[in-house]
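# Chain and residue survey
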Amino acid sequence: MTALFYTLGPCASCLPASPDWETAPYSPDGPRHLRPTALVVDAAYESQAADSTLPRIVIAQTSDPADPHALAARVRDWLIRHDVEQALSRLRRIGKADFVGRMVHLASAGIDEHLAAMLAADPVAARLSICQHAHAIKSSAGNLGARIVQRLASEIEQSRDWPSASVEAKLAQLQQAWAMVKPLLAAANMESAT
Amino acid sequence: MKRIAVVEDNEDNRLLVEAILSDSYELDQYASGPEALAGIRATPPDLVLLDISLPGMDGREVLRQLRADPATAHLPVIALTAHAMTGDREALLGVGFDDYISKPILDEALLLDAIAKLIG
């Protein structure tokens, strides 16, 4: 075992154990005796789901405490993959055979298009347009379980009064997050098709 | 089968709504406010699912025009919105929407129940 996940709130039941991780519901006494070497509390994972009203808090303990940043990255990647797989699983339940593939294709193409338009736009003169593109990305990312993209787009959507440098920095984060999530979506979609 | 007009500019959202509703309802899909107003007046549905953040004419304006026209004033209209901020529900109900569904639609039963309550 390399790490333990402790989850707070209704999401406790949706974090299955994996070969690298063990999971358990949160208890107030749990983390104290574990002396965690990394604590990851990422606002990206504040729940927006109707059935989950609490933030997800992940506490991970590793047998190799030398690199807590690497552990945090693993936790982040695990959660991103988990969210995408959950979303695609839900879509598979809703639609007919080719539905998931069409959703992934449409939403991904839409995010690509809106992101390109945002990056090409003047952050001062075209701020309203940037906010509108962010709204569209937020919506499509939400359909795909791409929560980190959804959260960053939501922040940019509210950026009408921000300085340009802040918007540009957030756009760079959004671009980076989408570059991270997009291949996972494609892979998860391929797996679901086979 | 009852008819529902879906007014939503985001294509993947329209596809998702179609997947959820097409077994139970006939759907007329519109990508913009003006297109929806023309279509709804020409072929009145039993209910309208109306996105709030439409480009150009937003959902509140579409609702205002529907309510101002005696031919469409009675239609039940459910707001679809990704804003989901505190107070949004009350604000939307206050301007005349009959119900409110937040996006992303994570629980299709909520949407189906909201529609069933209004048109059975």
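Residues numbered from 1 in each chain as written. Chains lettered and ligands numbered in written order. Predicted model: local features only at pLDDT ≥ 70, side-chain atom pairs only at ≥ 80, totals over all residues. Heavy atoms only, no water.

On to the packing of helix α3 (residues 99–120) of chain A against helix α1 (residues 11–21) of chain B. The interhelical angle for the contact between α3(A) and α1(B), taken along N-to-C directions, is 160°, at an axis separation of 8 Å. Here α1(B) runs roughly antiparallel to α3(A), going by the angle between their axes. Between α3(A) and α1(B) lies a crossing whose hand is left-handed. Contacts between α3(A) and α1(B) involve A:F99, A:R102, A:M103, A:L106 and A:A107 from the first element and B:E11, B:D12, B:L15, B:L16 and B:A19 from the second. For the contact of α3(A) with α1(B), the class distribution of residues is seven nonpolar, no polar and three charged. (Axes fitted to C-alpha atoms, helices over the stretch in contact; angles between N-to-C directions. Helix = DSSP H or I, 4+ residues; strand = E, 2+ residues; numbered from the N terminus. Parallel < 35°, antiparallel > 145°, perpendicular 65-115°, else oblique. Left-handed = near helix turned anticlockwise from the far one by under 90°. Contact = heavy atoms within 4.5 Å. Nonpolar A, V, L, I, M, F, W, Y, C, P; charged D, E, K, R; others polar.)

For the coordinates displayed, the defined rule picks out 15 salt bridges over all chains. The shortest N-O distance in the salt bridge between A:R147 and A:D83 comes to 3.9 Å. Of this pair, A:R147 sits in helix α5 (residues 147–157) while A:D83 is found in helix α2 (residues 68–94), placing the two residues 64 residues apart along the sequence. Among the salt bridges present, the one from B:R3 reaches B:E26, with a minimum N-O distance of 3.0 Å. Of this pair, B:R3 sits in strand β1 (residues 3–7) while B:E26 sits in strand β2 (residues 26–30), and the two are 23 residues apart along the sequence. (Salt bridge = Lys/Arg side-chain N within 4 Å of Asp/Glu carboxyl O.)

Attention shifts here to helix α4 (residues 127–144) of chain A. Residue and element names in this part refer to chain A. Relative to the 26 Å expected for 18 residues at 1.5 Å per residue, α4 spans 26 Å between its end C-alpha atoms, a close match to the ideal helical length. Where burial is concerned, most of α4 is hidden: 15 out of the 18 residues are buried. Just beyond α4, the residue with positive phi is G145, at close to 75°. (Expected span 1.5 Å × (residues − 1). Buried < 20%, exposed > 50% of the residue type's maximum accessible area, 1.4 Å probe, protein only.)

All right, on to the nonpolar core then. With 54 residues, the main nonpolar core has A:V149, A:L174, A:V181, B:I4, B:L21, B:L49 and B:I115 as its most contacted residues. Counting residues per element, this core draws most heavily on helix α6 (residues 164–193) of chain A, at nine residues. The residues touching B:L49, leaving out its near neighbours within four places in the chain, are B:I4, B:A5, B:V6, B:V7, B:V17, B:L21, B:I78, B:L80, B:L111 and B:I115. Counting residues in each nonpolar core, the second largest holds 20 residues, with B:V7, B:Y30, B:V77 and B:L92 among its members. (Core = buried A, V, L, I, M, F, W, Y, C linked by side-chain atoms within 4.5 Å.)

Quick look at the confidence of the model for chain B now. In the predicted model, chain B carries a mean pLDDT of 93, and the fraction of residues at 70 or more is 97%. For this predicted complex, the interface score ipTM comes out at 0.88, alongside a pTM of 0.80. (pLDDT = per-residue confidence, 0-100.)

The subject of this paragraph is the interface of chain B and chain A. With 18 residues of chain B at the contact, the number on the chain A side is 23 residues. For the pairing of chain B and chain A, the buried interface totals around 1,700 Å² over both sides, and the portion due to carbon and sulfur atoms is 56%. Broken down residue by residue, the surface that chain B buries against chain A is led by B:D12, B:L15 and B:L106, which jointly contribute 32%. Across the contact surface, chain B and chain A share two salt bridges. Note that B:D23 is salt-bridged to A:K96, the shortest N-O span being 3.5 Å. For the side of chain B that touches chain A, the elements supplying multiple residues, two or more each, are α1 and α5 (108–119) of chain B. For the side of chain B that touches chain A, the element with the highest residue contribution is α1(B), accounting for seven residues. Residues of the side of chain B that touches chain A, tallied by class, amount to nine nonpolar, four polar and five charged. (Buried area = accessible area lost by both parts, 1.4 Å probe.)

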